[in-house]
Amino acid sequence: MDRSSLLQLIQEQLDPENTGFIGADTFTGLVHSHELPLDPAKLDMLVALAQSNERGQICYQELVDLISSKRSSSFKRAIANGQRALPRDGLLDEPGLGVYKRFVRYVAYEILPREVDRHWYFYRHRSCPPPVFMASVTLAQIIVFLCYGARFNKWVLQTYHPEYMKSPLVYHPGHRARAWRFLTYMFMHVGLEQLGFNALLQLMIGVPLEMVHGLLRISLLYLAGVLAGSLTVSITDMRAPVVGGSGGVYALCSAHLANVVMNWAGMRCPYKLLRMVLALVCMSSEVGRAVWLRFSPPLPASGPQPSFMAHLAGAVVGVSMGLTILRSYEERLRDQCGWWVVLLAYGTFLLFAIFWNVFAYDLLGAHVPPPP
């Protein structure tokens, strides 16, 4: 029985007068008598929704949203009422799982802070569509790096090659009018060390986040970090170019680490304190390396080296926009006041940065290096 037939059967038999509510006991009897294909987690959630209703009824629209796997705050409201009975056995006790389902369980414990969310994700997860965004971005970055490395015959500190800044992908302050460069710089990297660091984090953190929160949310967060990185550099370090996907990477990592800290007691990932310390050390070391290359270049250069401000801007985007996204699992972002506050702040920043790039360089008489 497909989804539409299931919903039609439920409405015809349990709500013929179109009152908008269905009795929980009657619905449970229909489920067992017709052997309706519902996930166990969804049945538990329907019971939770009914228990949160004074009359023990299920709202038909909440039922539609749940069966359709739409993001809704209804389930969280039911949990908040303290009337939901969680399954006694955790996912760690689930027997007979294949390799992929064990990986899904691992992702659930790595990303989600509550057992109920982990159950919900584990039972509703489907392998299609796969997490293609982070994998595609990482693959494209590797291909671009290999092409330029073979062309320059240089794999470390590529930015010191005289032809590097002539790439149409690099953000350079002399090419601000070419708006695509504010995003495409994420495909270029200083060298193998920066590419390896970013690619590792994108696959280890970005892919699990995309599996849980979806392509749209994680791609929005990543690209927001990338764009904020280049715009911040254009405001705070006006003579410097930008390369690398660090703005997006730091947005993802900062959002995930902040979410772990705020839900410390509920996170079940092993060695979380040690891993948190290692992540912070690695991220700080990468920022330190970028600062060193910016102000103390180890080789003679024809112009300023790439700025480190994109790292910091990405971290700010992660802690603000990213944390709002990651804390809203199975909830519509548009229903949350905090999301609109974050969007307003980000939009204000974008408008300010656009005006700055159009007018401030001339008004301040900034000495921008000649474009390559």
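Residues numbered from 1 in each chain as written. Predicted model: local features only at pLDDT ≥ 70, side-chain atom pairs only at ≥ 80, totals over all residues. Heavy atoms only, no water.

Rules: UniProt positions are given in the numbering used here, feature names are shortened, and annotations may be inferred rather than shown by experiment.
Looking at an unreviewed UniProt entry, one finds the chain named Rhomboid-related protein 1, with Camelus ferus as its source organism. Database annotation for the chain, UniProt heading Function (unreviewed entry): "May be involved in regulated intramembrane proteolysis and the subsequent release of functional polypeptides from their membrane anchors." As recorded by UniProt, the Subcellular location (unreviewed entry) comment attached to the chain reads in full: "Membrane".

**Topic: the packing of helix α6 (residues 99-111) against helix α7 (residues 115-124)**
Our working rule: Axis geometry follows a simple rule: fit a line to the C-alpha atoms, using only the stretch in contact for helices, then measure angles between N-to-C directions, giving values from 0 to 180 degrees. Strands are runs of DSSP state E lasting at least two residues, helices are runs of H or I lasting at least four, and both sets are numbered from the N terminus onward. Angles are sorted into four bins: roughly parallel if under 35 degrees, roughly antiparallel if over 145, roughly perpendicular if 65 to 115, and oblique for all others. Should the near helix be turned anticlockwise from the far one by less than a right angle, the crossing is left-handed, and should it be turned clockwise, the crossing is right-handed. We call two residues in contact when some of their heavy atoms are within 4.5 Å. For this classification, Asp, Glu, Lys and Arg are treated as charged, while Ala, Val, Leu, Ile, Met, Phe, Trp, Tyr, Cys and Pro are nonpolar and the rest, including Gly, are polar.
Interaxial distance between α6 and α7 falls to 9 Å at its minimum, and their mutual angle equals 150°. Here α6 lies roughly antiparallel to α7, going by the angle between them. Between α6 and α7 the crossing geometry is right-handed. Note on element contacts: α7 touches α6 through Glu115, Arg118, Tyr121 and Phe122, opposite Lys101, Val104, Arg105, Val107, Ala108 and Tyr109. Here the contact of α6 with α7 is composed, by residue class, of six nonpolar, no polar and four charged.

**Concerning the nonpolar core**
Inside soluble globular proteins, nonpolar side chains tend to come together where they are buried. So the rule is basically this: Buried Ala, Val, Leu, Ile, Met, Phe, Trp, Tyr and Cys residues form a nonpolar core when they are joined through side-chain atoms within 4.5 Å. When a residue's accessible area, from a 1.4 Å probe over protein chains only, is under 20% of the maximum for its type it is buried; when over 50% it is exposed; and in between it is partly exposed.
Residues Tyr121, Tyr222, Val317 and Met321 are the most contacted members of the largest nonpolar core, which totals 64 residues. Broken down by element, this core gets its largest block of residues, nine residues, from helix α11 (residues 215-236). Sequence-distant contacts of methionine 321, that is, excluding residues within four places in its chain, are made with Leu221, Ala224, Trp339, Val342, Leu343 and Tyr346. Core analysis: the next-biggest nonpolar cluster, separate from the first, contains twelve residues, Tyr160, Val170, Val190 and Val243 among them.

**Considerations on the packing of helix α10 (residues 192-213) against helix α13 (residues 272-295)**
One can describe the packing of α10 onto α13 by two numbers: an axis separation of 12 Å at closest approach and a directional angle of 150°. Accordingly, the angle class assigned to the pair α10 and α13 is roughly antiparallel. For the element pair α10 and α13, the recorded crossing hand is left-handed. Contact with α10, carried on its side by Glu193, Gln194 and Phe197, involves Cys282, Met283, Glu286 and Arg289 of α13 and no other residues of that element. Of the residues belonging to the contact of α10 with α13, the class tally is three nonpolar, one polar and three charged.

**Regarding the pattern of salt bridges**
Our working rule: One side-chain nitrogen of Lys or Arg within 4 Å of one carboxyl oxygen of Asp or Glu is enough to make a salt bridge.
With the rule as written, the count across this model stands at six salt bridges. Notably, a salt bridge pairs aspartate 237 with arginine 294, separated by 2.9 Å at the nearest N-O pair. With aspartate 237 in the loop between α11 and α12 (246-262) and arginine 294 in helix α13, this residue pair connects regions lying 57 residues apart in the sequence. One salt-bridge network, in which partners are shared between bridges, spans Glu193, Glu286 and Arg289.

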